[in-house]
Amino acid sequence: MNKIKTKREHEIINSFKAFQKDEYNKDEVLSELIKLEEEAVKLIYNGEHSDFCNLKLHDVYKHMEQMSIERYGTVIEEVSAFRRDCFSLHNMIKAEISGRKGEMKSFRSLNNLKCRNILLKNVELSKGRKRTEIDAVVVTSKAIFIIEVKNTGKDIFISEEGIYYRVSEYMRKDCNIKEKLETKENLLSSVFENAGITDVNVEKIVVFTNDNIEVQNKCSSINVAFLDFLPILIEDYAGDNLYSEESMTAFAQAIDTGRCHETYPVDESIKNFKKSFSIAMSTLEMAEFDETSDKSESMEVQRREKNIWSIIGQVASSPYVREIGYVVAEIVFAAISNKLSNKHVA
């Protein structure tokens, strides 16, 4: 039975067409995540639902949970384990969608800048083992702006050391935003150095697309702004006009030349999702198979018993049986009469 279950687990994992390559570039990730979600929905519902488009990962888990309760009377460990990986994948999809939405809002805002500028979007850079992606780089005559976009619904606190916290009932550390931006600046400076460009004035801005949150920034080396004020912050930047049109074009060309389109290995949480999904689904399928087998066996026993009693009834009602009964009765009656006669004679 274990071999059958293991084989079924491999079949389920191999049925997923999403994330079959070892590595993906960043532009491919969201579409693959959505594809993986759709495949999980179709596998668990097995064509029983008419509209798969409206079903999401939480529907997959809820359906598994119900199947588990029906078969075992409780939520089994395999389904609980899947819930954790399901939640992790859901957060990945949510983060990717949120990031894309935030970037699009920022791009629309930056496209309306009134000052002379060159806008470069989603700039991927690398140097040795270091990799980064800059959401947007804005080249102006006064400075080059690194734009980091945050599309969050939580209040934010940035410490003097640059630690980025999400604030709700408690403060949750996210990252060191200062170090993250310094890495972006260093890789961007390397691109300019490779092009023979030095002494570049670089500014770093963290822009928040949700103006309903509160942001406290204690780090002096980081500029923060809400989306509505981003154009103003760039247009009214206090500085001299350092760069000509030719210099601005040279900056933009150096950045484009330095772009990398490296691929990234598939996240472990995606592999874990496929594995825990296959284990939970195969376990539920085996329970359904056992239940069906038990019912079939019970029905077969009942059928055989019914057939036996039917045969007995037919035999009992046969005229031959009745005739045999008469003969046996006469023999018994004769034997009894003979026995009584012998006693009387004695």
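Conventions we followed
- Residues numbered from 1 in each chain as written.
- Predicted model: local features only at pLDDT ≥ 70, side-chain atom pairs only at ≥ 80, totals over all residues.
- Heavy atoms only, no water.
- Helix = DSSP H or I, 4+ residues; strand = E, 2+ residues; numbered from the N terminus.
- Buried < 20%, exposed > 50% of the residue type's maximum accessible area, 1.4 Å probe, protein only.
- Pairing = 2+ DSSP bridges.
- Salt bridge = Lys/Arg side-chain N within 4 Å of Asp/Glu carboxyl O.
- Polar contact = N/O pair within 3.5 Å; in protein donor to acceptor, adjacent residues only side chain to side chain.
- Contact = heavy atoms within 4.5 Å.
- Axes fitted to C-alpha atoms, helices over the stretch in contact; angles between N-to-C directions.
- Parallel < 35°, antiparallel > 145°, perpendicular 65-115°, else oblique.
- Left-handed = near helix turned anticlockwise from the far one by under 90°.
- Nonpolar A, V, L, I, M, F, W, Y, C, P; charged D, E, K, R; others polar.

Caption draft 1: Region of interest: the environment of M64. With respect to the helices and strands, the residue M64 is situated in helix α3 (residues 57–72). Along the backbone, M64 and R83 are 19 residues apart, and their C-alpha atoms lie at a distance of 9.4 Å.

Caption draft 2: Seen up close, the pairing of strand β3 (residues 130–140). For β3, a buried count of nine out of 11 residues is recorded, marking the element as mostly surrounded by other parts of the structure. In terms of strand pairing, strand β2 (residues 117–127) meets β3 through 10 bridges, oriented antiparallel. What sits directly across from K121, in β3, is A136. From the end of β2 to the start of β3, which pair antiparallel, there are two residues, and G128 there has a positive phi angle of about 65°.

Caption draft 3: Molecular detail of the pattern of salt bridges. Applying the stated criterion to the full structure yields 15 salt bridges. In this structure, the salt-bridge partner of E148 is K180, at a minimum N-O distance of 3.3 Å. A residue pair is termed long-range when its members are at least 10 positions apart, and E148 in strand β4 (residues 144–150) and K180 in helix α5 (residues 177–194) qualify at 32 residues. Residue E148 is classed as buried on the basis of its relative accessible area of 4%.

Caption draft 4: The side chain of T152, seen in detail. With respect to the secondary-structure elements, T152 resides in the loop between β4 and β5 (155–158). Assessed through its relative accessible area of 9%, T152 is described here as buried. A polar contact is formed between the side chain of T152 and the side chain of R166, at a distance of 3.1 Å. In this structure, T152 is in contact with Y164, R166, F208, N210 and I213, ignoring residues within four places of it in sequence.

Caption draft 5: How the structure looks around the packing of helix α2 (residues 26–45) against helix α4 (residues 77–110). Two elements in contact, α2 and α4, have axes separated by 10 Å at closest approach and are oriented at 135°. Taken together, the axis directions place α2 and α4 in an arrangement best described as oblique. Between α2 and α4 lies a crossing whose hand is left-handed. Here α2 contributes K26, D27, V29, L30, L33, L36 and E37 to the contact with α4, which in turn contributes L89, M92, I93, E96, I97 and R100. Considered class by class, the residues forming the contact of α2 with α4 number eight nonpolar, no polar and five charged.

Caption draft 6: Summary view of the environment of I158. Within the secondary structure layout, I158 lies in strand β5. Here I158 falls in the buried class, since its relative accessible area comes to 0%. For I158, the contacting residues outside a window of four places in its chain are I163, Y164, I177, Q216, N217, K218, C219 and V224.

Caption draft 7: Structural context of the sheet that holds strand β6 (residues 163–167). The sheet built from four strands is open, its strands ordered β7-β6-β5-β9 with mixed pairing. Lying at the two open borders of the sheet, with one neighbouring strand each, are β7 (171–176) and β9 (215–217). Averaged over all adjacent pairs, the angle separating strand axes in this sheet is 20°, with direction ignored. Docked against the sheet, α5 engages β5, β6 and β7, running at close to 20° with respect to β7.

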